[in-house]
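Chain by chain, the residues run as shown.
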Amino acid sequence: MSCLRHDFTPMIHEFYNLKIGSIFGFTDDIKVNEDRFSITEGTINILWNRNNAVVEIEIDDMPFQLKPNQLMTTTYLQHISYEKTELPLTGFVFNRAFYCISDHDSEVSCNGILFFGTQDLPIITIPKDQKRKFNALYEVFQDEFSTPDKIQGDMLQMLLKRLIIICTRLAKDQLIVKKLDNDQIEVVRKFNVLVDTHYKTKRKVSDYADLLFKSPKTLSNLFAMYNQKSPQQIILERLALEAKRLIHFTNKQNQEIAYELGFNDPAHFSRFFKKMTSFSPSQYRENKLTSI
């Protein structure tokens, strides 16, 4: 059975299906309302700065700035802090039970571009000629929450899919190198998704080349066109990022983290971490505690 809630100061809407554990939330101030949704764990977010000034947020302890009319996507893999966020930030929040990115991947080609990619978090700018389209969609979301019925969940899924498709088109236009064709973009996208899936067990470019039915040289040449990071660098940076997350956001000891990330020897993990960050795991942990 679906549960629907409306609050208006500040605005928060929620569609919650208790039976299957699906949720879609919509608020004009995610900082105030992030803990007010029925489900707060395992959610995916689309964050939209509708202000006339820059909004600051922290993701995985790194500062990000969203300019006016910019959007950013985050997933449950990231740790988001709104401590330094001073202006209201619009947020769309949903989980896999409501809209599974992987299930819709072939339709919208967003997995690895908007979500779950190993590249830098995507920040999309709404062009001036598309502001009306986004504002109209924002109003349609609001209207849909004012007309609850048995098909409301289906309608909200359709609207969310439309938002994701529009953002995906902008991401392809703004974040992907123009000289890459669609097939090459697809290889880059699939590589990112595969790294996020297998980084704990597959450390070589050849592993992913085999999965993509490409040669390692083809991948290296493609990424040389795409950006300055090599495929091997992306793999290692993803591994290092997870190590930093586990050190910073859990109470796990270095040895536990080493084994969780697929290192047979904690000393090997320590050498890897120091090479990637210039700190040993213990030094990194102490620095974080000191900064806190």
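Residues numbered from 1 in each chain as written. Predicted model: local features only at pLDDT ≥ 70, side-chain atom pairs only at ≥ 80, totals over all residues. Heavy atoms only, no water.

### Description of the sheet that holds strand β5 (residues 55-59)
The strand order across the open sheet formed by 3 strands is β6-β5-β8, and the pairing between neighbours is antiparallel. Looking along the sheet, the strands with just one partner apiece sit at the ends: β6 (62-66) and β8 (80-81). With 5 bridges joining them, β5 and β6 adopt antiparallel strand pairing. Bridging across to β6, I59 finds its partner in M62. (Pairing = 2+ DSSP bridges. Helix = DSSP H or I, 4+ residues; strand = E, 2+ residues; numbered from the N terminus.)

### Thoughts on the packing of aromatic side chains
Throughout the structure, instances matching the rule amount to 20 aromatic pairs. Judged by centre distance (5.0 Å) and plane angle (50°), the rings of F92 and F141 are tilted. Separated by 49 residues along the polypeptide, F92 in strand β9 (residues 90-95) and F141 in helix α3 (residues 131-145) bring together distant segments of the chain. Classification of F141 by relative accessible area gives buried; the value is 0%. Both rings, one in F191 and one in Y208, keep their centres 5.5 Å apart while their planes meet at 65°; by these two values the pair is edge-to-face. You can see F191 sitting in helix α5 (residues 182-198) and its partner Y208 sitting in helix α6 (residues 205-212), a full 17 residues away along the chain. Chaining the aromatic ring pairs together yields one cluster made of F15, F24, F26, W48, F92, F98, F134, Y138, F141 and F145. Over the face of the ring belonging to W48 we find R50, whose NZ or CZ atom lies 5.2 Å from the ring centre. Above the face of the F263 ring, R203 is positioned so that its terminal group lies 4.5 Å from the ring centre. (Phe/Tyr/Trp six-rings, centres within 6.5 Å; stacked < 30°, edge-to-face > 60°. Buried < 20%, exposed > 50% of the residue type's maximum accessible area, 1.4 Å probe, protein only. Lys NZ or Arg CZ within 6 Å of the ring centre and 35° of its normal.)

### Focus: unusual backbone geometry
The bulk of non-glycine residues show a negative phi, and the bulk of peptide bonds are trans. One non-glycine residue, D61, lies in positive phi territory at about 70°. Judged by relative accessible area, which is 30%, D61 ranks as partly exposed. Even without a glycine there, the phi angle at F213 is positive, about 55°. Checked against the element boundaries, F213 lands in the loop between α6 and α7 (216-226).

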